[in-house]
Amino acid sequence: MSFKLAVIGAGSVGFTRTLFSDLMTVPEFHNIEVSFTDINQHNLDMVTALCQRDLEENGVPIKIHSTTDRREALKGARYIINCVRIGMLEAFEMDVDIPLKYGVDQCVGDTLCTGGIFYGQRGIAAILDFCKDIREVAEPDALMLNYSNPNAMMTWAANKYGKVRTLGLCHGVQGGHRQIAEALGYQQKDVDIICAGINHQTWYISVKHNGQELLDKILPAYEKNEELSRTEKVRIDMLKNFGYYSTESNGHLSEYVSWYRKRPEELSEWIDLGSWINGETGGYLRVCREGRNWFEEDFPNWMKEPAKKYVPENRSQEHGSYIIEGLETGRVYRGHFNVMNEGCITNLPYESVVEVPCYVDGNGISIPKVGDLPLGCAAVCSQSIWVQRLAVEAAVSADIRLLRQALLMDPLTGAVCTTPEIMQMADEMLIAESKWLPQYKEEIERAKARMEARKADGTYIPPRDYKGIRVHEKTVEEMRQNKEAARKNASETDKAKERPSAK
């Protein structure tokens, strides 16, 4: 069978090589047409060369079409994978460091919180351009698989305003599934789960082994586990208070609610520095920089070493390849995807993006009705959904009032900052990230004037002397001491599979 696949943001080695290799484990797909596109020619060339070498050594006759012309790459595509990071690490650093000056301490900052809201402003402006191209040049009714964060906001904008059929995909559910199974003493394949909620705030509402419900066994299993009781303090506390375990990691979850990161003197009680994902300030930014620096350094060696084998045992748990396989071959796949709610979870807003169980086969994508979430879980998700909705509408309309309201309503930002601080922080972020925010061009000029006025009339709020709890960022020379770990960091889509504690 034949169809065309296009990857936007293909210069991301972890996502592109993993997702493409997954797809190539399906024998029927060895004659498909493939286009990689990215705005960074250097990154695109490296990843294309690596994936082409893999193809050739596996005897697959595909020749990857690589171009910085996005419309050319999208022409005739049936499936589009989006894995862009708008602004790359330069903007990511601003998402973390500018809010920190106002006391907003983020571990990641790519989903909610101040960093996630501004990441969404950049990403939505871009994804609507992608959608315009898809509507105009891709195959009719093409499907976009969105891996870019903030996943819910991006998926929401693409479906509602981009008018492109879009699924949001994430590996959070799979990671938590594996962790719960191991904590209970089982293999992941032997434990059946149902998750429901929103991206990065999805709840395991059923966990069964051989048909027996195990929800009441999760808390005691985690509390008696020496490792998990140190590294997952936030998730355990949420489990105690809301009755259900959350998909997202300790560090991620800590920044989505108002309780764990608002008092600097208490933050160390909730996080662990053995792995960035346990809550380190700016932890994901650090490991992303380390991974990018190592890939630049080590790329020649990657090309000399054996290719990635297209065999089932090397296939990851990322949903993308299984979705395409199900739609094209009819093989049934069950996974948890981000979709427009439209009544699937009945006590969350009808217009929102939810993460729920879905089935894929030759008939398409089927979304069962979940019904009500447990009330407390729904309350946590609902607060985040309103932040997402305000942020999406702000990005689409370039409405500064809605943008400020999203920041005010964000649980952690609102817990830490006063309204004048949020107004000033919004202006500082707009100015700093102006080159990625074309829709805010006029508002950015007004933001500059407001900042000058604050300095002139004495209302300017000076930055706080707060650096968070950070870990030393390894140099390339330091990473050479453990090349295997450095390469794993650079190549993984999920940079938090292993979560050791500091002990």
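Residues numbered from 1 in each chain as written. Predicted model: local features only at pLDDT ≥ 70, side-chain atom pairs only at ≥ 80, totals over all residues. Heavy atoms only, no water.

Caption draft 1: Looking closely at the overall build of the protein chain. The helix and strand inventory of the protein chain stands at 21 helices and twelve strands. Relative to the compact-globule value of 23 Å for 503 residues, the protein chain shows a C-alpha radius of gyration of 22 Å, a close match. Structurally, the protein chain occupies a C-alpha span of about 70 × 55 × 50 Å along its principal axes. Restricting the contact set of the protein chain to residue pairs at least 6 apart, pairs at least 24 apart contribute 72%. Counting every atom, the protein chain has about 19,700 Å² of accessible surface; 50% of that belongs to carbon and sulfur. Distance between charge centres in the protein chain, computed from 60 positive and 72 negative side chains, equals 1 Å. (Helix = DSSP H or I, 4+ residues; strand = E, 2+ residues; numbered from the N terminus. Rg over C-alpha atoms; globule rule 2.2 N^0.38 Å. Contact = heavy atoms within 4.5 Å. Areas by Shrake-Rupley, 256 points an atom, 1.4 Å probe, with all protein chains shown as cover. Lys, Arg positive; Asp, Glu negative; His and termini not counted. Charge placed at Lys NZ, Arg CZ, Asp CG, Glu CD.)

Caption draft 2: Layout of the pairing of strand S4 (residues 79-82). Burial along S4 is two-sided: the face carrying Tyr79 and Ile81 and the face carrying Ile80 and Asn82 are both buried. Across four bridges, strand S1 (residues 4-8) lies against S4 in parallel orientation. Across the sheet, Val7 pairs through a bridge with Ile81, a residue of S4. Both S4 and strand S5 (residues 143-146) contribute to a ladder of four bridges, which runs parallel. Looking at the pairing, Asn82 lines up with Asn146 of S5. (Buried < 20%, exposed > 50% of the residue type's maximum accessible area, 1.4 Å probe, protein only. Pairing = 2+ DSSP bridges.)

Caption draft 3: Region of interest: the side chain of Ser35. As for its placement among the helices and strands, Ser35 is situated in strand S2 (residues 33-37). In terms of polar contacts, Ser35 uses its side chain to reach the side chain of His65, at 2.8 Å. Apart from the residues within four sequence positions on either side, Ser35 is in contact with Lys4, Leu5, Ala6, Val7, His65 and Ala73. (Polar contact = N/O pair within 3.5 Å; in protein donor to acceptor, adjacent residues only side chain to side chain.)

Caption draft 4: View of helix H8 (residues 215-224). Three or more residues of H8 are buried, namely Ile218, Ala221 and Tyr222. Along the long axis of H8, the arc covered by the buried residues comes to 95 degrees, so they all point the same way. In H8, those exposed residues whose orientation departs by more than 90 degrees from the buried face are Asp216 and Lys224. (Arc of directions from axis to C-beta.)

Caption draft 5: The arrangement of the packing of aromatic side chains in detail. If you walk through the whole model with that rule in mind, you get 16 aromatic pairs. The interplanar angle of 70 degrees and the centroid separation of 4.7 Å between the aromatic rings of Tyr260 and Trp270 together place this pair among those described as edge-to-face. In this pair, Tyr260 sits in the loop between helix H11 (250-254) and helix H12 (264-267) while Trp270 sits in the loop between H12 and helix H13 (283-304), placing the two residues ten residues apart along the sequence. Residue classification places Tyr260 among the buried positions, given a relative accessible area of 4%. The class for Trp270 is partly exposed, based on a relative accessible area of 21%. Judged by centre distance (4.9 Å) and plane angle (70 degrees), the ring pair of Phe295 and Trp302 falls under edge-to-face. In terms of burial, Phe295 and Trp302 fall into one category: buried. Of the aromatic side chains, those joined through ring pairs into one cluster are Trp203, Phe242, Trp259, Tyr260 and Trp270. The cationic tip of Arg315 hangs over the ring face of Tyr322; the distance from NZ or CZ to the ring centre is 3.8 Å. Above the ring of Tyr460, the side-chain terminus of Lys455 is found at 5.5 Å from the ring centroid. (Phe/Tyr/Trp six-rings, centres within 6.5 Å; stacked < 30°, edge-to-face > 60°. Lys NZ or Arg CZ within 6 Å of the ring centre and 35° of its normal.)

Caption draft 6: Summary view of the nonpolar core. Counting residues in hydrophobic clusters, the biggest one holds 126 residues, and the most contacted among them are Phe20, Met24, Ile80 and Ile323. Element by element, the count of residues in this core is highest for helix H15 (residues 375-397), at eleven residues. Contact partners of Ile80, with chain neighbours within four places excluded, come to Ala6, Ile8, Leu74, Ile134, Ala138, Ala142, Leu143, Met144 and Leu145. Judged by nonpolar contacts, the second largest core, of 18 residues, contains Val173, Ile193, Tyr204 and Leu214. (Core = buried A, V, L, I, M, F, W, Y, C linked by side-chain atoms within 4.5 Å.)

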